[in-house]
Amino acid sequence: MAEAADFQGTSPSPARRWLRRTTALLAGAPLLTGLVQLPTAGPAHAEGQSSAKADAEAGSVAVAVDSLTPSAPTDGDTVTVSGTVINNGKQTVTDAHVGLRLGAEVNTRSAVDAIAKESTDLQGAIAPEIDDKYTEKFDKLTPGVAEHFNISVPVDDLELGDDGVYEFAVSLSGETSAQPWEQILGIQRTFLPWQPDEAATRTKTTALWPLVSTTHMAAETGPNEEQTPVFLNDDLAKEISPGGRLNQMVTLGKDLDVTWVVDPDLLASVDAMTRSYRVRDGDRTVAGTHQAVAKQWLAELREAVTDEEVVALPFADPDLASLAHNGTDVTGSLRQLKDATDVIPNTVPPILDVKPSTDFAWPVDGAVDRSIVKVATSAGADKVIARSDSLQETNNLPYTPSAARPIGGGTTAVVADARMSKAFEGDLTKASDSTLAVQRFLAQSLALGLQTDDQRSVVIAPQRTPSGSQARAMAEALRTLQDGTWSESQDMAATAAAKPDPDATTTVPGTSSYPSALRKKELPRSAFVQIARTQDTLDNFKVVLSDPSRVVTPFGRALNREMSASWRGRAAEAESFRGGVKEYLDGLTDRVRLIDKSETKLSGRSATIPVTVQNNLVQDVGPLVLRLTSTNPTRLEIGGADHEEQPISVSGGHSQSVKFTTSANANGRATVIAQLYTMDGRKYGEPVTFDVKVTEITATVMLVIGGGVLLLVLAGFRMYTQRKRAAAREEDTADPEAAASAEDHGEPEGPEEATKPEDGRGNRKGSDERLEDASEAHPRAGDPEQPSDPTPDTAAESADPSGTGERVDR
């Protein structure tokens, strides 16, 4: 990369050139004297050097520099180096000592990389030891035993020359029984930045301090009014507890002049922990207990970001590259990015009491191509944080240009320096690894600043989720820069607005240039298809709810989490999370459903068929449209047509039945389909299909019924005539004059009638016409029911689901 170029093409001031030349001559005089004296050392010394080279291949002693303070010394300081040496060989090392070695000035950034890569190589050039008095001696080094050393040297005795970066090494020399002469058995090279006076032009440095984590919250919430959130695990509590990764990030960051980059999902998750919450434990959930920890972490974060620049990423930090490469052809995917951006004002300001910047998009590792830039700016961002190993220089510049680059369409690429941004990756749990990372970072920063006298802006964009050890190393390096002489802090907005270098590249690479190693970890297209389907289900569900926010908010945020960049390299976990969200949503939608029906019998030409909707949610649903459709309208019509629709609303935890009027045109079985629809005509839930068996009344049955009716009429007429004749007789008996008159007119009783005795009520005993008491013949409505009274022929109406062979209401 052209950025790695040396000082070629730069024009130091004449005074600086004179100073460098004079210092070089003074520093070279002792070296020339030593060279003149070299031949007097004799063949034995030369042989020893040759043997040392042979022994160096074995690398028998490991030298670790655990601490180097100060990291960037100035005039009057004392440099202290401490660490350990371990004899990894099989022979005991005798007459051993640890010495310090100061190498030549390192003039280029690429040279810094080369020295760091070969930091333990004994075959390369090795500078002489500073002085015998700045050593630590050991009688012997036993194999496998670590020995500690601590050496201090005044910076004046180092005889440093011009401002710049110097190779600084710690070596272990000694003898073995096989080679009984002094030789270098181990070495560790690092760097010593030297800028004692304040630089004429300081590099303006913007350091991003990311607060990003993985997904912790599920879509599930409690049915109570507060909608108690459910966490996938208790890992977030570990991260924000004292000693945890995120706790260290806040503790370290509050003393630094940095730009905070926050994921609103992390803030929302910790904020949810400050109240009642639950944590999954196998197939159940248990109450969360870290409310105090969450409150403390948020309080410390609010204090840390007060009056500081805060950049907010879209909710859950969506994977822009995955979306650009695999999701843009899936309907609704870009909508998810827009939703994730729109939720920022409702999340970050209420929690942190600051107004964040939403102008920046940050693809994973700053890797960009044209499709990523297009997606990144689709949700409103007009600045993309790239990295110099992605947006590479093409003009062979001998220096590192400023970060801001206009890339067209009103978009600015803010290009982070790759070397400095990647300085703290890898395992830095060992103190030696951390120290080397800090010194290399400072060396790159100073070397960049000395490339030219022009002032430039540089951005440091580290990995998204640095570990605790990585964060500590970053903080140490940034503190040194803040207190140093060649750099000054600048916020991200000012860096993005700085005047761009006209010679810097502004060409965004094509899609084919995207690193294959990063592409392999992207979310697949199937993930975006599943996200789209879940969104469709949610859209269909929310329109039937009386309070849609109870599902829109938790599921909307869960869909944002499904696109998170934190799933990279965790494909199985990502798929499991997506499946869990879909399963839970499907379970909720199924709580509003039609009750299954069995075959229904229709005995007649018309009847009503009840269909029941059950709502097992805690909130009301509706209005919905319930449609009942006949698949054979020539046999069975519903509402006078092939189907009928009726609106329905159901209270939470209840069921509601709707009755449909049907008419039969012929005997036989007809299939009927019940289906719920939303008010905009979209199907809701699964249909319920059942059969209706139509049985029409036949002519024979009608004849039998008609005959029965005729018999009843004749019996009634006979009773009527009998009662009329009996009444006439009673009138005759009650009128003696009429009877006497009858005798006078010669109307004697018949022989049979005259001989029959009376029964005391005026009736002739033995008569065929027995007149019962009116109260016995005709019971009154208020009379008690008798055992012989007939039972009703129609049962009370039931609202329960139809049983097998049920008869519907008519």
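Concerning the overall build of the protein chain
Of the regular secondary structure elements, the protein chain holds 24 helices and 30 strands. Taking all 810 residues of the protein chain together, 45% fall into the buried category. Summarising the internal contacts of the protein chain: among those between residues at least 6 apart in sequence, 78% fall at separations of at least 24. By element, 50% of the accessible surface of the protein chain is carried by carbon and sulfur atoms, the whole surface being about 40,300 Å².

Some points on empty space enclosed by the protein
For the structure on display, the rule yields 6 cavities of 30 Å³ or more. The computed volume of the largest cavity comes to approximately 130 Å³. Taken together, 18 residues form the lining of the largest cavity, with P314, T341, F360, A361 and A381 sitting closest to its centre. Elements supplying a minimum of two residues to the lining of the largest cavity: α10 (333-342) and β15 (360-361).

Quick notes on the side chain of T108
Assignment of secondary structure puts T108 in the loop between β3 (93-106) and α3 (109-117). Within the structure, T108 has its side chain in polar contact with the side chain of S110 (distance 3.2 Å).

Quick look at the sheet that holds strand β1 (residues 61-69)
Read across the open sheet, the 3 strands follow the order β1-β2-β5; overall the sheet is antiparallel. Either end of the sheet is taken by a strand with one partner, and the two such strands are β1 and β5 (146-154). The average undirected angle you get between the axes of adjacent strands in this sheet is 20 degrees. Where strand β2 (residues 78-87) lies against β5, 9 bridges are found, and the strand directions are antiparallel. Residue T78 lies in a different strand from β5, and its bridge partner there is P154.

Structural notes on the side chain of N247
One can find N247 in helix α6 (residues 245-253). What makes N247 buried here is its relative accessible area of 12%. Among the polar contacts made by the side chain of N247, one reaches the main-chain carbonyl oxygen of I240 at a distance of 3.2 Å.

Some points on the pairing of strand β6 (residues 164-175)
Counting buried positions along β6 gives 11 out of 12 residues, so the element sits mostly inside the fold. As defined by bridge partners, β3 adjoins β6 across 9 bridges and the pair is classed as antiparallel. Bridged to G99 within β6 is S171. Bridge analysis of β6 against strand β7 (residues 183-194) gives 11 bridges, and the strand direction is antiparallel. Note that in β7 the partner of G174 across the bridge is Q183.

A short note on the sheet that holds strand β12 (residues 278-281)
Strands pair in a sheet through their backbones, by hydrogen bonds, and they do so in one of two ways: parallel or antiparallel. Strand order in the open sheet formed by 4 strands is β9-β10-β12-β13, and the pairing between neighbours is mixed. Two strands in the sheet have a free side with no partner beyond their single neighbour: β9 (217-221) and β13 (284-287). Looking at each pair of strands side by side, their axes are set apart by 40 degrees on average, direction ignored. Two strands pair when backbone bridges link them, and β9 and strand β10 (residues 229-231) are joined in this way by 2 bridges, in the antiparallel orientation. What sits directly across from M217, in β10, is F231.

Considerations on the pattern of salt bridges
Pairing between side chains of opposite charge can happen when their charged atoms approach one another. Counting across every chain of the model gives 30 salt bridges. For the salt bridge of R335 with D539, the shortest nitrogen-to-oxygen distance reads 3.2 Å. Linking R335 in helix α10 with D539 in helix α18 (residues 525-542), this pair joins segments that are 204 residues apart in sequence. When its relative accessible area of 14% is taken as the criterion, D539 is described as buried.

Observations regarding unusual backbone geometry
Looking along the chain, the bond that leaves T69 and enters P70 is cis, with omega of -15 degrees. For the peptide bond that leads from G622 to P623, omega is 0 degrees, which places it in the cis range. Here P623 shows up in strand β24 (residues 621-630). Although it is not a glycine, E159 sits at a positive phi angle of roughly 55 degrees. Relative to the helices and strands, E159 is located in the loop between α4 (155-158) and β6. Non-glycine residue D365 carries a positive phi angle of around 60 degrees. Within the element layout of this structure, D365 appears in the loop between β15 and α12 (370-376).

Concerning a nonpolar patch on the surface
On the surface, V709, L710, L711, V713 and L714 cluster together into a nonpolar patch covering about 490 Å² of accessible area. Its place among the elements puts V709 in helix α21 (residues 699-733).

What counts, and at which threshold
Residues numbered from 1 in each chain as written. Predicted model: local features only at pLDDT ≥ 70, side-chain atom pairs only at ≥ 80, totals over all residues. Heavy atoms only, no water. Helix = DSSP H or I, 4+ residues; strand = E, 2+ residues; numbered from the N terminus. Buried < 20%, exposed > 50% of the residue type's maximum accessible area, 1.4 Å probe, protein only. Contact = heavy atoms within 4.5 Å. Areas by Shrake-Rupley, 256 points an atom, 1.4 Å probe, with all protein chains shown as cover. 1 Å grid on protein atoms, 1.4 Å probe; cavity = no way out; pocket = protein on both sides within 12 Å on 5 of 7 lines; lining within 4 Å. Points joined across faces, edges and corners; volume = space filled by probe spheres on them. Polar contact = N/O pair within 3.5 Å; in protein donor to acceptor, adjacent residues only side chain to side chain. Pairing = 2+ DSSP bridges. Axes fitted to C-alpha atoms, helices over the stretch in contact; angles between N-to-C directions. Salt bridge = Lys/Arg side-chain N within 4 Å of Asp/Glu carboxyl O. Patch = residues over 30% accessible without salt bridge, like charges linked within 9 Å, V, L, I, M, F, W, Y side chains within 5 Å.

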